[in-house]
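Remarks on the overall topology
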4 protein chains.
Amino acid sequence: MAEGVRARRKAERPGEILQAAFEEFVDRGYAATRLEDVAARAGVTKGTIYFYFETKENLFVTMVRELSRPIHEEMEGFLADHNGTTREFVRAYLGFIYKVIAEDAHFREILRLLIAEAHRFPALVDEHDERCGTPIMEHLRQRLEEGANRGEIRSAGSLDYPQIILGPALSLSVIMLLFSDRKPVDVERYFEAHVDLVLNGLLPRNGEVS
Amino acid sequence: MAEGVRARRKAERPGEILQAAFEEFVDRGYAATRLEDVAARAGVTKGTIYFYFETKENLFVTMVRELSRPIHEEMEGFLADHNGTTREFVRAYLGFIYKVIAEDAHFREILRLLIAEAHRFPALVDEHDERCGTPIMEHLRQRLEEGANRGEIRSAGSLDYPQIILGPALSLSVIMLLFSDRKPVDVERYFEAHVDLVLNGLLPRNGEVS
Amino acid sequence: MAEGVRARRKAERPGEILQAAFEEFVDRGYAATRLEDVAARAGVTKGTIYFYFETKENLFVTMVRELSRPIHEEMEGFLADHNGTTREFVRAYLGFIYKVIAEDAHFREILRLLIAEAHRFPALVDEHDERCGTPIMEHLRQRLEEGANRGEIRSAGSLDYPQIILGPALSLSVIMLLFSDRKPVDVERYFEAHVDLVLNGLLPRNGEVS
Amino acid sequence: MAEGVRARRKAERPGEILQAAFEEFVDRGYAATRLEDVAARAGVTKGTIYFYFETKENLFVTMVRELSRPIHEEMEGFLADHNGTTREFVRAYLGFIYKVIAEDAHFREILRLLIAEAHRFPALVDEHDERCGTPIMEHLRQRLEEGANRGEIRSAGSLDYPQIILGPALSLSVIMLLFSDRKPVDVERYFEAHVDLVLNGLLPRNGEVS
DNA sequence: TATGAATGAGCTTTCATTCAT
DNA sequence: GATGAATGAAAGCTCATTCAT
């Protein structure tokens, strides 16, 4: 029985350290984070960190990779199945994005770290992009293209730049990073307004009363 | 004559230090930047920095403030005069935003620093927001409201969240921060697609052939 | 059968560790040697070393003792039987010394360790001296004394300081330690020149053609 | 006046640190020496050491170089002027060597460091050899060759290996390193016996009564 | 016997900051 | 104004040693 507990703890050590590292790196940034604080937060000593991770850089990279994994998996699951009209798809798609980008503090903070440390860890940015950014954009692009082919939507220029369609969501993420809780946003309304803009634009539509 | 040169140099010292600080802080982040490197880049010694700035924090804050000033001034100039249809306004407005947000590396890198150090310098974020973010948003919001009142545009939900309308531009900025030159974007086309989406949305407009 | 192999391996463990320790200590010196590297070289884990040896110091001391033993035994064997003229003895004696001091890298490297760590392990130096240095010197001294009594050699002052007679050999050892293979020496010729000097000195002998 | 004192101290700092480093390195060896102890001995703080020397390795190398310099200079002075018979030369020459090699603890301890750290600092060994070992050997060789040409001494094989002639002196140095003060040697008598052996060898000379 | 996870003291090195000149 | 020598408090990293299994 005691074995079980010890073994389980042992197996969980790296994960616990990674979680602690995430929190410290997010709070202080890469350079200002002290391994000693990470250790304390994980309930181990400095030496233990070096038993599992070669360097601070390695810990950081592994942390970003590992803490992004759940998001990637959820994303893949979402991308797998989706049908319905393009209109419905856009709403569902943006809904999912908001769940990840705006409501998941994990994802948001990893975004902060990637922006902050893009110069130091360009490969990490690219890796994250390949697993997360590119698939999301590409999937959106394809579905919109199909929708345009089927005449459901205009073949607008933004179909080539899915970033434009997702932009307001990423923006919200950045705003939340900048202001923490000092400038709260009604995400629900923001989301609805975003969907509305993407689908209808600002100009009056025929028969619509401004 | 020599005195004149020296005097002018002296007067420029603080500015040179701030410029050097900007470059170093951008390259390495706040914590990882060494004052010694800033000094070397500015062509002075560490001690000189302390003659002009009290601490590293103070240097950072002053630098962000000072290097943002030209942008603020340009912005105020722009916000001052603008007439024409809402349609024209939106295009001109976004055009200006792109000049600042996408083409001015200075602004972009300050954004990076603000995102990265938002926890350490929340007051600096707020200050920057008051001088730059809020006025831009508020101005846009008012003009759009007027346009809606005049019936030029729909009274869409996004009128309450100008961030949504500007979102794709901010997004581009973030993308450029993440990938430097590894993923170049055709800003001209991106901009046009952005304007098109904001004005027309994705759904087919009456009489429009997809 | 497998047990036999395992049992034999087990019995050899300490020896393998000592051998590995020798190589690492020689390469890096006492303080810079990591027990982990010793373990890796011996094909065991760090813990295993502590099963056989109490501390790093203990491992070092035991290693020097154990790796010196074959030399001591060979030496005792040599010292046991020797007759012939003093002239013959000197040549044979020096020949043996060269085999040990100049050709046996083991001995040489132990000498390096003793010199390097003389301050930290004085007792080890003394122990080695008692088993190796003193007997060699004393034996030489006695035989030379006998030779002098018999009139075979001069009763020169160097009879009281056998170190002088052996000096060039020890010197060669030190030179080899300093230059590894960067300054190769023709040991055969060096040896002959050494014997010649010891027996004849530099001054011309009667009837000898310079 | 106060300036003078401060300036003098400033100029002496590096030298004081070097001297302190010498003592610590000699006592503990390269790896086991703590920069903190060097600093304390020099009366400065750790940081100051790094103001003058880039790394511990650099401090070590500089120290060996700098502390060897006086010896090199003395040596060059000695090698400059010498005449008289070869017999006289050998005595004077060895006399000088003993002064350096046996009586100068500085030189001896540097020899210990070079032997101990030959693997880590081979270039330093070679450098020291070029400035100290080779010139001494070469000078001796030339003078002996001349002596042999003039018929003053035998053209013995050891003329090609001056190390053999100096060997007993180097040996004494090593012995002193090994035993510190635990085995005192009468250097005067040792020296005389050495000179005697080099000049006359062990075999009886004609007309000499053993 | 042997392992390997874990420790913690201690190491080299860094760097913001000070201050006499 | 400006310098640069000096500080000292960390920070990242190492490693001999321990101990439950």
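Residues numbered from 1 in each chain as written. Chains lettered and ligands numbered in written order. Predicted model: local features only at pLDDT ≥ 70, side-chain atom pairs only at ≥ 80, totals over all residues. Heavy atoms only, no water.

Structural notes on the protein's contact with DNA strand F
- Taken together, 33 residues form the shell around DNA strand F, and within it Arg34 of chain A, Thr48 of chain B, Arg34 of chain C together with Phe51 and Tyr52 of chain D come nearest.
- In DNA strand F, atoms within 4 Å of the protein come 77% from sugar and phosphate.
- Here a phosphate oxygen of DNA strand F sits 2.8 Å away from a polar atom, N or O, in the side chain of Lys56 of chain A.
- One of the side-chain nitrogen or oxygen atoms of Tyr52 of chain B is found 2.2 Å away from a phosphate oxygen of DNA strand F.
- Counting residues per element, the ones that place at least two in the surface near DNA strand F are α3 (46-52) of chain A, α1 (2-28) and α3 (46-52) of chain B, α3 (46-52) of chain C together with α1 (2-28) and α3 (46-52) of chain D.
- Broken down by class, the residue content of the surface near DNA strand F amounts to 10 nonpolar, 10 polar and 13 charged. (Near = heavy atom within 4 Å. Polar contact = N/O pair within 3.5 Å; in protein donor to acceptor, adjacent residues only side chain to side chain. Helix = DSSP H or I, 4+ residues; strand = E, 2+ residues; numbered from the N terminus. Nonpolar A, V, L, I, M, F, W, Y, C, P; charged D, E, K, R; others polar.)

Some details on the relation of the copies chain D and chain C
- Once chain D has been moved 0.0 Å along the axis and rotated by 180°, it coincides with chain C to within an RMSD of 0.1 Å. The symmetry that links the two subunits is that of a two-fold axis. Among all residues of chain D, the minimum C-alpha distance to the rotation axis is found for Gly201 of chain D, at 1.8 Å.
- When the interface residues of chain D are mapped onto chain C, 98% of them again lie at the interface, so the same face is used by both copies. (Least-squares fit on C-alpha atoms with pLDDT ≥ 70 in both. Contact = heavy atoms within 4.5 Å.)

Side note on helix α8 (residues 162-179) of chain B
All names here are of chain B.
- Its 18 residues place the ends of α8 26 Å apart at the C-alpha level, agreeing with the 26 Å of an ideal helix rising 1.5 Å per residue.
- The largest bend along α8 reaches roughly 45° and is located at Pro168.
- The element α8 is largely enclosed, with a buried count of 17 among its 18 residues. (Expected span 1.5 Å × (residues − 1). Bend = angle between axes of the 7 residues up to and from the residue. Buried < 20%, exposed > 50% of the residue type's maximum accessible area, 1.4 Å probe, protein only.)

Quick look at the interface of chain A and chain B
- On the side of chain B, 67 residues touch chain A, which itself brings 67 residues to the contact.
- Summed over both sides, the interface of chain A with chain B buries roughly 6,000 Å², with 61% coming from carbon and sulfur.
- The largest share of the area that chain A buries against chain B comes from Arg154, Leu202 and Leu203 of chain A, three residues that together contribute 15% of it.
- Applying the counting rule to chain A against chain B returns eight salt bridges.
- The closest approach of N and O atoms between Arg182 of chain A and Asp126 of chain B, which form a salt bridge, is 3.0 Å.
- In this structure, the connection of chain A to chain B is made through 35 residue pairs in polar contact (both at pLDDT 80 or more).
- Breaking the side of chain A that touches chain B down by element, the ones donating at least two residues are α1 (2-28), α5 (86-101), α6 (105-116), α7 (122-149), α8 (162-179) and α9 (187-200) of chain A.
- Here the side of chain A that touches chain B gets 12 residues from one element, more than from any other, and that element is α8 of chain A.
- Here the side of chain A that touches chain B is composed, by residue class, of 35 nonpolar, 15 polar and 17 charged. (Buried area = accessible area lost by both parts, 1.4 Å probe. Salt bridge = Lys/Arg side-chain N within 4 Å of Asp/Glu carboxyl O.)

Considering the relation of the copies chain A and chain B
- Once chain A has been moved 0.0 Å along the axis and rotated by 180°, it coincides with chain B to within an RMSD of 0.1 Å.
- Comparing interface residues between copies, 100% of those in chain A also lie at the interface in chain B; the contact surface is shared.

Description of the protein's contact with DNA strand E
- The environment of DNA strand E is formed by 33 residues, the closest being Phe51 and Tyr52 of chain A, Arg34 of chain B, Thr48 of chain C together with Tyr50 of chain D.
- Within 4 Å of the protein, the atoms of DNA strand E are drawn from sugar and phosphate moieties in a proportion of 76%.
- Here a phosphate oxygen of DNA strand E sits 2.9 Å away from a polar atom, N or O, in the main chain of Thr33 of chain D.
- At 2.3 Å, a side-chain N or O of Tyr50 of chain D approaches a phosphate oxygen of DNA strand E.
- Of the residues in the surface near DNA strand E, the class split is 10 nonpolar, 10 polar and 13 charged.

Concerning the packing of α5 of chain A against α8 of chain A
Residues and elements named next belong to chain A.
- For the pair α5 and α8, the least separation of the axes is 10 Å and the interaxial angle reads 20°. Looking at the two axes, α5 sits roughly parallel to α8. Crossing of α5 against α8: the hand is right-handed. Residues Tyr93, Leu94, Ile97, Tyr98 and Ile101 of α5 form the contact with α8, whose own contacting residues are Ile165, Leu166, Pro168, Ala169, Leu170, Leu172 and Ser173.
- A per-class count over the contact of α5 with α8 returns 11 nonpolar, one polar and no charged. (Axes fitted to C-alpha atoms, helices over the stretch in contact; angles between N-to-C directions. Parallel < 35°, antiparallel > 145°, perpendicular 65-115°, else oblique. Left-handed = near helix turned anticlockwise from the far one by under 90°.)

Quick word on the arrangement of the chains
- Taking C-alpha atoms only, the smallest gap left between chain B and chain C, which are not in contact, amounts to 31 Å.
- There is a gap between chain A and chain D: no contact, and a shortest C-alpha distance of 21 Å.

A short note on the domain arrangement of chain A
Residues and elements named next belong to chain A.
- When cut into domains, chain A gives domain 1 (1-53) and domain 2 (57-200).
- For domain 1 and domain 2, the distance between their C-alpha centres works out to 30 Å.
- Contact with domain 1, which involves 13 residues of that partner, is made by 16 residues of domain 2.
- Around 1,200 Å² of area is buried between domain 1 and domain 2 when both sides are counted, 81% of it from carbon and sulfur atoms.
- Put simply, domain 1 and domain 2 have zero salt bridges between them.
- The interface formed by domain 1 and domain 2 includes one residue pair in polar contact (both at pLDDT 80 or more).
- Residue assignment for the side of domain 1 that touches domain 2 shows that the elements contributing at least two residues are α1 and α2 (35-42).
- When residues of the side of domain 1 that touches domain 2 are assigned to their parent elements, the largest contribution, seven residues, is made by α1.
- Per-class residue counts for the side of domain 1 that touches domain 2 are 12 nonpolar, one polar and no charged. (Domains from an automatic or database assignment.)

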